[in-house]
Amino acid sequence: MRLQGKTAFVTAAGQGIGRACAQTLAREGAKVVATDINGDLLPGLDVAQAFALDVTDKAALVDAVETAQPDILVNCSGVVHNGTILDATDDEFDFAMNLNVRAHMHAIQAALPGMLDRGSGAIVGIASVCSTLRGLPNRFIYGTSKAALIGLTKQVAADFITRGIRCNCIAPGTVDSPSLHQRLHDTGDYETAMKNFIARQPMGRIGEAQEIADLAVYLSSDESRYMTGQCIAIDGGMTV
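Being a predicted model, the structure only gives us computed values, none of them experimental.

Caption draft 1: Representation of unusual backbone geometry. Phi is positive for Ala12, close to 55°, though the residue is something other than glycine. Mapped onto the secondary structure, Ala12 falls in the loop between β1 (7–10) and α1 (16–27). Looking at Ala12, the relative accessible area reads 24%, which means it is partly exposed. Even without a glycine there, the phi angle at Asn138 is positive, about 60°. Taking the relative accessible area as the measure of exposure, Asn138 reaches 37% and is therefore partly exposed.

Caption draft 2: Spatial organisation of the side chain of Ser224. With respect to the secondary-structure elements, Ser224 resides in the loop between α7 (209–220) and β9 (231–234). Residue classification places Ser224 among the buried residues on the basis of a relative accessible area of 1%. Within polar-contact distance, the side chain of Ser224 engages the backbone oxygen of Ser221 at 3.1 Å. With residues near it in sequence (within four places) discarded, Ser224 still touches Arg166, Tyr218 and Leu219.

Caption draft 3: Highlighting the sheet that holds β9. Strand order in the open sheet formed by seven strands is β3-β2-β1-β4-β5-β6-β9, and the pairing between neighbours is parallel. A single partner strand is all that each edge strand has here, and the edge strands are β3 (49–52) and β9. Sheet twist, expressed as the average angle between the axes of neighbouring strands with direction ignored, equals 15°. For strand β6 (residues 165–172) and β9, the ladder comprises four bridges, and the chain directions are parallel. Along β9, the bridge assignment pairs Cys169 with Cys231. Sheet contacts for helix α3 (residues 90–118): β4 (72–75), β5 (121–126) and β6; angle to β4, the most-contacted strand, approximately 175°. Packed onto the sheet, helix α4 (residues 140–160) meets β5, β6 and β9 and runs at close to 160° relative to β6.

Calculation rules
- Residues numbered from 1 in each chain as written.
- Predicted model: local features only at pLDDT ≥ 70, side-chain atom pairs only at ≥ 80, totals over all residues.
- Heavy atoms only, no water.
- Helix = DSSP H or I, 4+ residues; strand = E, 2+ residues; numbered from the N terminus.
- Buried < 20%, exposed > 50% of the residue type's maximum accessible area, 1.4 Å probe, protein only.
- Polar contact = N/O pair within 3.5 Å; in protein donor to acceptor, adjacent residues only side chain to side chain.
- Contact = heavy atoms within 4.5 Å.
- Pairing = 2+ DSSP bridges.
- Axes fitted to C-alpha atoms, helices over the stretch in contact; angles between N-to-C directions.

Given below as structure tokens:
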């Protein structure tokens, strides 16, 4: 029970990576507060508390985080937009930056004062291999926002490195999740799209949400106490 006595706050915990993170943190002893914009996805989570939360609502997000007073903050919120820069609209770009970056910023701003008072805290963000690590076709808005998230991670780490606060992020490759399957269905040819996704994976398979969650637990625990400001790729070899 590596996280016994710790409180963890997890966003986008209804499915996929966020759900796996919430469940795994709880199994490791953390008191987990799990949130998702879709409250219907939260039942069945074996956590201390779970409720619907729109992380783009700054006031609601800040209030929830300040109330929880987490020792661990895991920001999983994000959205994937398809297309090149020629397809990008201002509204889509603004929405991605608000959900993929600004919501992470607001959650960190709310969690930091309590962490600083206690002299310790672990912040983990879910970035992407599609970011500063590499570009991928038709992911202009997504890759740009995730690159910004990596920059945010490093800045927070640098500013509070002497105050007991660690801030790291994870850059997954293609991971099996409901959102992935929805994007594949949206292509109109699910089977072909899935074959193409698998074909570009050097390991010959897509990742599992549990594999990402295990890394999130490590970054949340004292086992990684000498690590901060890092973006860790867990991508089946996509960035080799």
